[in-house]
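# Structural characterization, general
Next come the chains, spelled out residue by residue.
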Amino acid sequence: MATMTYVNAIRDAQRQEMLRDPKVFVAGEDVALMGSSFGQTGGLYEEFGGERVLDTPISEGQIVSLGVGASAMGLRAVLSLDFCDFLGCCMDEVMNQAAKMTYMLGGQMCLPLTIRSNIGGEIGAAAQHSQCLEALFTHLPGLKVVSSSNPRDAKGLLSQAIRDNNPVIVLEHKALNPMTGDVPEGAFTVPFGKIELKKEGKDVSILSWANTLNKCVRAAADLEKDGIDAEVIDVRSLIPLDIDGILASVEKTGRVVIAHEAVETGGYGGEIAAMIADKGFDFLDAPIKRVGAPYTPVPFSGALEKHYQPNEERIIRAVKSLFY
Amino acid sequence: MKLTKDAYLSLYETMLRIRFFEETARELMLGGKLGGFLHLYSGEEAIAAGVCSELTKEDCICSTHRGHGHIIAKGGDIHKMMAELYGKATGYSQGKSGSMHIADIGMGIIGANGIVGASIPITNGVAFALRYLKKDAVAVAFFGDGASNRGTFHEALNLASVWNLPTIFICENNHFGMSTPQGRAMKLKRISDRASAYGIAGVTVDGNDPVAVKEATHEAVKRAKSGKGQSLIECVTWRHHGHYIGDPAAYKDPAEQKLWLSEERDPIPRFEARLLKEKVANAEELDGLKNKVRDVISASVAFAESSPDPSPESMYDFVYMPDEA
């Protein structure tokens, strides 16, 4: 076990998978000479050379297409698109090409393709560099979508994505970059489709992912002081979703709060809520509560942004509203 | 370029296979047997035939919504193609793709594509992989004049050039982006002029002459395989039908349409006349080939019609590929 930052865990995942499989290559915006905006690919170019670690032009459509074509031929592409917001520049390539090829071609084509991208705010990056757009991708059959809340999962989920035979969108939260934690050394994966129980509890299930998950853990500690024993679940694999794991928790607690940083309207929390209502209605003692960002673009000013992302206070308020 | 009799007849036969396949598909659709969209390649056969005659099995192509011709010329299985048009379980994609998304990875056919311009940058990904895997092969992107106005075209030419990828760009200029004439969509007359913006070779050839296309492709393959750079080959041609079956193409000038469909312009009668004039083959041999190809296409229709529909539960297959063991 090593202690490392979230950024270094991301870098280590790519390094380990490149060591393990010569068909893995890394390409994207500023991945080679600069080592990416936050250092997530630092040192890879020096270690593996320019044939396997490639800076691309700022041509997002071409970057994703490079991955589609190369992975169709048997390579494993790890593409970096820096900010999730930039995926708007290559939505056709993600939505109509990567997501659909395997299906449209009747399984002739396997696309082991990973797209890494930053999500999230709290660093004053404003509306075009701060979004959490996971719900855009969960709506597209053919893609897998994961998002990590800590260094261990950042490494394990990314490694798993690189080994997966399908296009995977890996969403990394930029506010977590300096976070440190224990991470297994060497090659290490976290399986998709499995929730992680962060805290056991019996009164309410709090479901979350990425940065908001950590706020939920802190909120649960506060709730304990008020006599509410919350169970906190890191959903982390949005597609495939561990709905059975979630339902097992809901059956135990009877109450659900789903918290995420994405805009609440049309967010993936709504889908999880609908699934719970559909498959676990009889377990529920109270309405399902969602906590998300308001229906506005992400504002720049710290004075505004601090009211934008869900925080511990809002999560606690949502939980308490279920006890009446 | 000096060609053997076999090479000439192979070009001719490929063009016939495409034409008869397309015209048969057209009749089938007009007769209510096929659904979906069909974008016919009739009139443009010389391009696919000429280009693919210079490719090996290891070389790869990426195609378009008007892709039947490319797939046939690269050696695609006509039975599986026809069955796919019928949406049958025996089709290339078991009825999941229809006309616009046919591929045969083993034959280097990386896929037709329903989005205009999308396959151009994908071709670079294929070319990158070929180089990465140390294959002595090229990747060829087919696309139309309309696609050359998409950002994907420009991103792709730029990346191929700066990474020196073994990519060849074949622009099939049939004068129309759906209904919009080239002159309303770009100021340039020659699309090959766009090559110079990316530091690659650009040439315009007669796209209705399979030998001219073959010669240009020969040079492009040589250039790409020796690491000397990429090529944009503009092949000037004409789409005999509308954008798709059902488009009456009222936007075409009737005189121009008549000229391009004349025996002097239509690539097939034109090539036939050349074969006869140069005494490569006699009329009997050419008729023999026609009958042979007609039989192949008829057999594909019979195969498709007698094939089963896909089972309802197969709808759920291949949304994802299974994980590694």
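Heads up: the structure comes first, above all this text.
In this text the structure is predicted, and so the values were computed from the model without any measurement.

## Here we look at the packing of helix H1 (residues 6–20) of chain A against helix H7 (residues 151–163) of chain A
Residues and elements named next belong to chain A. Interhelical geometry of H1 versus H7 gives an angle of 30° and a closest axis separation of 8 Å. Judged by the inter-axis angle, H1 sits roughly parallel to H7. Considering only the axes of H1 and H7, their crossing is right-handed. Along its contact with H1, which presents Tyr-6, Ala-9, Ile-10, Asp-12, Ala-13, Gln-14, Gln-16, Glu-17 and Arg-20, the element H7 presents Pro-151, Ala-154, Lys-155, Leu-158, Ser-159, Ile-162 and Arg-163. Tallied by class, residues from the contact of H1 with H7 come to 8 nonpolar, 3 polar and 5 charged.

## A word on helix H8 (residues 210–225) of chain A
Regarding H8 of chain A, the residues found buried are Ala-210, Asn-211, Thr-212, Leu-213, Asn-214, Lys-215, Cys-216, Ala-219, Ala-220 and Leu-223 of chain A. One or two residues past the end of H8 of chain A sits Gly-227 of chain A, with phi positive at roughly 80°.

## A few points about the interface of chain A and chain B
Between chain A and chain B, the residue contacts involve 46 residues of the former and 42 residues of the latter. When chain A packs against chain B, close to 3,600 Å² is buried across both sides, 62% of that on carbon and sulfur atoms. When the buried surface of chain A facing chain B is broken down by residue, Gln-62, Met-73 and Tyr-103 of chain A rank first, second and third, together holding 20% of it. Scanning the region where chain A abuts chain B turns up 1 salt bridge. Linking chain A with chain B are 19 residue pairs in polar contact (both at pLDDT 80 or more). The dominant element in the side of chain A that touches chain B, judged by the number of residues it contributes, is helix H3 (residues 60–72) of chain A, at 9 residues. Looking at the side of chain A that touches chain B residue by residue, the class counts come to 20 nonpolar, 15 polar and 11 charged.

## As for the sheet that holds strand E13 (residues 256–263) of chain A
Within a beta sheet, neighbouring strands are joined by backbone hydrogen bonds and run either parallel or antiparallel to one another. Residues and elements named next belong to chain A. Within the open sheet, the 5 strands sit side by side as E9-E11-E10-E13-E14. Their pairing is mixed. Two strands bound the open sheet, and with one partner strand each, they are strand E9 (196–199) and strand E14 (289–293). With direction set aside, neighbouring strand axes in the sheet form an average angle of 25°. Both E9 and strand E11 (residues 230–234) contribute to a ladder of 3 bridges, which runs antiparallel. From the neighbouring strand, Leu-197 faces E11, where its bridge partner is Ile-233. The sheet contacts of H8 involve E9, strand E10 (204–208), E11 and E13, and relative to E11 the element is tilted by about 170°.

## Describing helix H12 (residues 312–320) of chain A
Residue and element names in this part refer to chain A. If you check which residues of H12 are buried, you get Ile-315, Ile-316, Ala-318 and Val-319. For H12, the angular spread of the buried residues around the axis is 160°, confining them to a single face. Along H12, exposed side chains directed more than 90 degrees from the buried face belong to Glu-313 and Arg-317. Each element contacted by the buried residues of H12 is listed here: E10, H8, E13 and E14.

## Points about the pattern of salt bridges
All names here are of chain A. If you walk through the whole model with that rule in mind, you get 36 salt bridges over all chains. Linking Asp-153 and Arg-236 is a salt bridge whose minimum nitrogen-to-oxygen distance equals 3.2 Å. With Asp-153 in helix H7 and Arg-236 in the loop between E11 and strand E12 (237–239), this residue pair connects regions lying 83 residues apart in the sequence. Comparing Asp-153 with Arg-236 shows no difference in burial state: the two are buried. Arg-218 is the salt-bridge partner of Glu-312, the closest N and O atoms lying 2.7 Å from each other. Here Arg-218 lies in helix H8 and Glu-312 lies in helix H12, a separation of 94 residues in the sequence. A residue is classified by how much of its surface remains accessible, and Arg-218, at 45% relative accessible area, is partly exposed.

## Focus on the packing of H3 of chain A against helix H6 (residues 151–162) of chain B
As a packed pair, H3 of chain A and H6 of chain B sit with axes 9 Å apart at the nearest point and diverge in direction by 65°. Of the possible angle classes, the one that applies to H3 of chain A and H6 of chain B is roughly perpendicular. When the axes of H3 of chain A and H6 of chain B are compared, the crossing they make is right-handed. Within the contact between the two elements, H3 of chain A uses Glu-60, Gly-61, Gln-62 and Leu-66 of chain A and H6 of chain B uses Glu-155, Ala-156 and Leu-159 of chain B. Its residues assigned to classes, the contact of H3 of chain A with H6 of chain B shows 3 nonpolar, 2 polar and 2 charged.

## Remarks on the sheet that holds E12 of chain A
Residue and element names in this part refer to chain A. Strand order in the open sheet formed by 7 strands is E3-E2-E4-E5-E7-E6-E12, with mixed pairing between adjacent strands. Pairing within the sheet leaves two strands with one partner each, and these edge strands are strand E3 (53–55) and E12. Put simply, the sheet's adjacent strands are angled 20° from each other on average, direction ignored. Here 7 bridges tie strand E5 (residues 113–119) to strand E7 (residues 167–173), and the two strands are oriented parallel to one another. Note that in E7 the partner of Thr-114 across the bridge is Val-168.

## Structural notes on the pairing of E5 of chain A
The buried fraction of E5 of chain A amounts to 7 of the 7 residues, a majority that puts the element mostly inside the structure. Residues of E5 of chain A alternate between two faces, with Leu-113, Ile-115, Ser-117 and Ile-119 of chain A on one and Thr-114, Arg-116 and Asn-118 of chain A on the opposite face, all of them buried.

## Description of the pairing of strand E4 (residues 167–173) of chain B
Residue and element names in this part refer to chain B. Across the 7 residues that make up E4, a large majority, 7, are buried. In E4, alternate side chains face the same way, and those of Thr-167, Phe-169, Cys-171 and Asn-173 on one face and Ile-168, Ile-170 and Glu-172 on the other are all buried. In terms of handedness, the path from strand E3 (residues 139–144) via H6 over to E4 forms a crossover that is right-handed.

## Quick word on the side chain of Asp-92 of chain A
Its location among the elements puts Asp-92 of chain A in helix H4 (residues 91–98). The residues touching Asp-92 of chain A, leaving out its near neighbours within four places in the chain, are Gln-97 of chain A together with Ile-115, Ala-118 and Arg-150 of chain B.

## Concerning the environment of Val-280 of chain B
Residue and element names in this part refer to chain B. Along the chain, the position of Val-280 falls in the loop between helix H10 (267–277) and helix H11 (283–306). For Val-280, a relative accessible area of 13% gives the class buried. C-alpha separation for the pair Val-280 and Tyr-8, spaced 272 residues apart in sequence, amounts to 7.7 Å. Beyond its immediate sequence surroundings of up to four residues, Val-280 is in contact with Lys-5, Tyr-8 and Leu-275.

## Concerning the nonpolar core
Grouped together as the largest cluster of nonpolar side chains are 89 residues, with contacts concentrated most on Phe-25, Phe-137 and Ile-272 of chain A together with Phe-128 and Phe-169 of chain B. It is helix H5 (residues 119–132) of chain B that contributes the most residues to this core, 8 residues altogether. Non-local contacts of Phe-25 of chain A, meaning those with residues more than four positions away in its chain, are made with Met-18, Arg-52, Leu-54, Leu-66, Ala-70, Leu-75, Arg-76, Ala-77 and Val-78 of chain A together with Phe-128 and Tyr-132 of chain B. Listed in part, the 64 residues of the second largest apolar core include Leu-3, Tyr-8, Ala-220 and Ala-224 of chain B.

## Considerations on the packing of aromatic side chains
When we look at a pair of aromatic rings, we describe it by the centre distance and by the angle of the planes. Taken as a whole and assessed by the stated rule, the structure comprises 13 aromatic pairs over all chains. Where Phe-37 of chain B meets Tyr-244 of chain B, the ring centres are 5.9 Å apart and the plane angle is 55°; that geometry is what we call tilted. Here Tyr-244 of chain B lies in the loop between strand E8 (231–236) and helix H9 (254–261) and Phe-37 of chain B lies in the loop between helix H1 (5–30) and helix H2 (45–52), a separation of 207 residues in the sequence. Taking the centre distance of 5.5 Å and the plane angle of 5° together, the rings of Trp-238 of chain B and Trp-260 of chain B count as stacked. Of the two residues, Trp-238 of chain B is situated in the loop between E8 and H9 and Trp-260 of chain B in helix H9; the sequence distance between them amounts to 22 residues. Look at Trp-260 of chain B and you get buried, because its relative accessible area is 10%. Members of the aromatic cluster, connected to one another through ring pairs, are Phe-25 of chain A together with Phe-128, Tyr-132 and Trp-163 of chain B.

Thresholds, definitions, all that
- Residues numbered from 1 in each chain as written.
- Chains lettered and ligands numbered in written order.
- Predicted model: local features only at pLDDT ≥ 70, side-chain atom pairs only at ≥ 80, totals over all residues.
- Heavy atoms only, no water.
- Axes fitted to C-alpha atoms, helices over the stretch in contact; angles between N-to-C directions.
- Helix = DSSP H or I, 4+ residues; strand = E, 2+ residues; numbered from the N terminus.
- Parallel < 35°, antiparallel > 145°, perpendicular 65-115°, else oblique.
- Left-handed = near helix turned anticlockwise from the far one by under 90°.
- Contact = heavy atoms within 4.5 Å.
- Nonpolar A, V, L, I, M, F, W, Y, C, P; charged D, E, K, R; others polar.
- Buried < 20%, exposed > 50% of the residue type's maximum accessible area, 1.4 Å probe, protein only.
- Buried area = accessible area lost by both parts, 1.4 Å probe.
- Salt bridge = Lys/Arg side-chain N within 4 Å of Asp/Glu carboxyl O.
- Polar contact = N/O pair within 3.5 Å; in protein donor to acceptor, adjacent residues only side chain to side chain.
- Pairing = 2+ DSSP bridges.
- Arc of directions from axis to C-beta.
- Right-handed = clockwise from strand over helix to strand, strands pointing away.
- Core = buried A, V, L, I, M, F, W, Y, C linked by side-chain atoms within 4.5 Å.
- Phe/Tyr/Trp six-rings, centres within 6.5 Å; stacked < 30°, edge-to-face > 60°.

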